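Here's the letter readout for the chains.
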Amino acid sequence: MTIALIDGDTFAYRCAAACKEDDLDYAKLTIDEMIQGNMERVDAKDMMIFLTPRGRENVFRHYLNPYYKAGRPEPPAHLMPLREHLVAEWGAITGNFCEADDLLGIYTTADTITIANDKDALTVPGIVY
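The model shown is predicted, which means the values in this text are computed figures rather than measured ones. Residue positions are counted from 1 within each chain, in the order its sequence is given. The predicted nature of this model means local features are confined to residues of pLDDT at least 70 and side-chain atom pairs, given and counted, to a pLDDT of 80 or more, with totals for whole chains, interfaces and linings taken over all residues. Calculation of side-chain values draws on the structure's entire complement of heavy atoms; hydrogens and water are dropped beforehand.

**Topic: the nonpolar core**
Inference 1: We define the nonpolar core as a collection of buried residues of types Ala, Val, Leu, Ile, Met, Phe, Trp, Tyr and Cys that are connected through side-chain atoms lying within 4.5 Å of one another. Per-residue accessibility, obtained with a 1.4 Å probe over protein chains only, is compared with the maximum for each type, and a residue is labelled buried under 20%, exposed over 50%, and partly exposed between these values. Ranked by internal contacts, the top residues of the largest apolar core, which has 21 residues, are Ala4, Ile6, Ile31, Ile35, Leu82 and Leu86.
Inference 2: The helix count covers DSSP runs of H or I at least four residues long, the strand count covers runs of E at least two residues long, and both are numbered beginning at the N terminus. Broken down by element, the residue count for this core peaks at five residues, all from helix 2 (residues 24-42).
Inference 3: We call two residues in contact whenever any of their non-hydrogen atoms come within 4.5 Å of each other. When near neighbours in sequence (up to four residues on either side) are disregarded, Ala4 contacts Met39, Ala44, Asp46, Met47, Met48, Ile113 and Ile115.
Inference 4: In this structure, Leu5, Phe50, Leu103 and Leu104 belong to the second largest nonpolar core, which totals eight residues.

**Topic: the pairing of strand 2 (residues 46-51)**
Inference 1: Note: two strands are recorded as paired if DSSP finds a minimum of 2 bridges between them. Where strand 1 (residues 3-7) lies against strand 2, five bridges are found, and the strand directions are parallel. What sits directly across from Leu5, in strand 2, is Met48.
Inference 2: Summarising the sheet, strand 2 and strand 3 (residues 93-94) pair through two bridges and their orientation is parallel. In the sheet register, Phe50 faces strand 3, and the bridge partner there is Ile93.

**A closer look at unusual backbone geometry**
Inference 1: In this model, Asp43 sits at a positive phi of 55°, which is unusual for a non-glycine residue.
Inference 2: Here Asp43 shows up in the loop between helix 2 and strand 2.

**Regarding the sheet that holds strand 1**
Inference 1: Reading across the sheet, the five strands line up as 3-2-1-4-5 and stay open at both edges, with parallel pairing between neighbours. Where the open sheet ends on each side, the last strands, each with one partner, are strand 3 and strand 5 (127-128).
Inference 2: All axes are obtained by fitting lines to C-alpha atoms, using only the stretch in contact for helices, and the reported angles, taken between N-to-C directions, cover 0 to 180 degrees. Where helix 2 meets the sheet, its contacts fall on strand 1, strand 2 and strand 4 (112-115), and the angle it forms with strand 2 comes to roughly 130°.
Inference 3: On the sheet, helix 4 (residues 79-90) packs against strand 2 and strand 3 and is oriented at approximately 145° with respect to strand 2.

**Observations regarding helix 2**
Inference 1: Given a rise of 1.5 Å per residue, 19 residues ought to cover 27 Å, and the 27 Å separating the end C-alpha atoms of helix 2 matches this to within 8%.
Inference 2: All of the buried residues in helix 2 are Ala27, Thr30, Ile31, Asp32, Ile35, Gly37, Asn38, Met39 and Val42.
Inference 3: Where helix 2 is buried, its residues touch strand 1, helix 1 (8-18), strand 2, helix 4 and strand 4.
Inference 4: The term polar contact refers here to a pair of N or O atoms within 3.5 Å; inside protein, the definition further demands a hydrogen-donor-capable atom paired with an acceptor-capable atom, and it admits residues adjacent in sequence only when both atoms are side-chain atoms. The N-capping residue of helix 2, defined by a side-chain oxygen 3.3 Å from the backbone nitrogen of Asp25, is Asp23.
Inference 5: Downstream of helix 2 by a residue or two, Asp43 has a phi angle that is positive, lying close to 55°. Take the residue count of a helix, subtract one, and multiply by 1.5 Å to get its expected span.

**A word on the packing of helix 2 against helix 4**
Inference 1: It is at 10 Å that the axes of helix 2 and helix 4 come closest, and there the two elements cross at 55°. As summarised for this structure, helix 2 and helix 4 are arranged oblique, according to the angle between their axes. Judged by the sense of rotation from one axis to the other, the crossing of helix 2 with helix 4 is right-handed. Where helix 2 approaches helix 4, its residues Leu24, Ala27, Lys28, Ile31, Asp32, Ile35 and Gln36 are matched on the opposing element by Pro81, Leu82, His85, Leu86 and Trp90. Our angle categories are set so that under 35 degrees counts as roughly parallel, over 145 as roughly antiparallel, 65 to 115 as roughly perpendicular, and the remainder as oblique. Here is the rule for handedness: rotate from the far helix to the near one, and if that takes an anticlockwise turn smaller than a right angle the crossing is left-handed, while a clockwise turn gives right-handed.

Dropping the structure here:
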């Protein structure tokens, strides 16, 4: 059985940006449809959704380079509530001191398919959708 490994960071950010003019309930419905649609496309019955922990002190790369991802624009308004929705409704897992794409790599096996729109997903051997 194929297990989908989903980059929740990408899903939440893309949905929040696309729904910036809409209310939060619509954004939640949209991200739910994104997840369900991708699950159907890859024919996966189970999934794991991963999120990067919030706060610069929670990702080891910030200790190596304090300017890591510095200067990025303000995130879309619905981003944090959508992340919370992924945890509450979909059981998303927040990394402990590592980013979502790191967890995708850690959990990749012969029985998984990674669903991500992040170039880092291509650095791990396995199937990426």
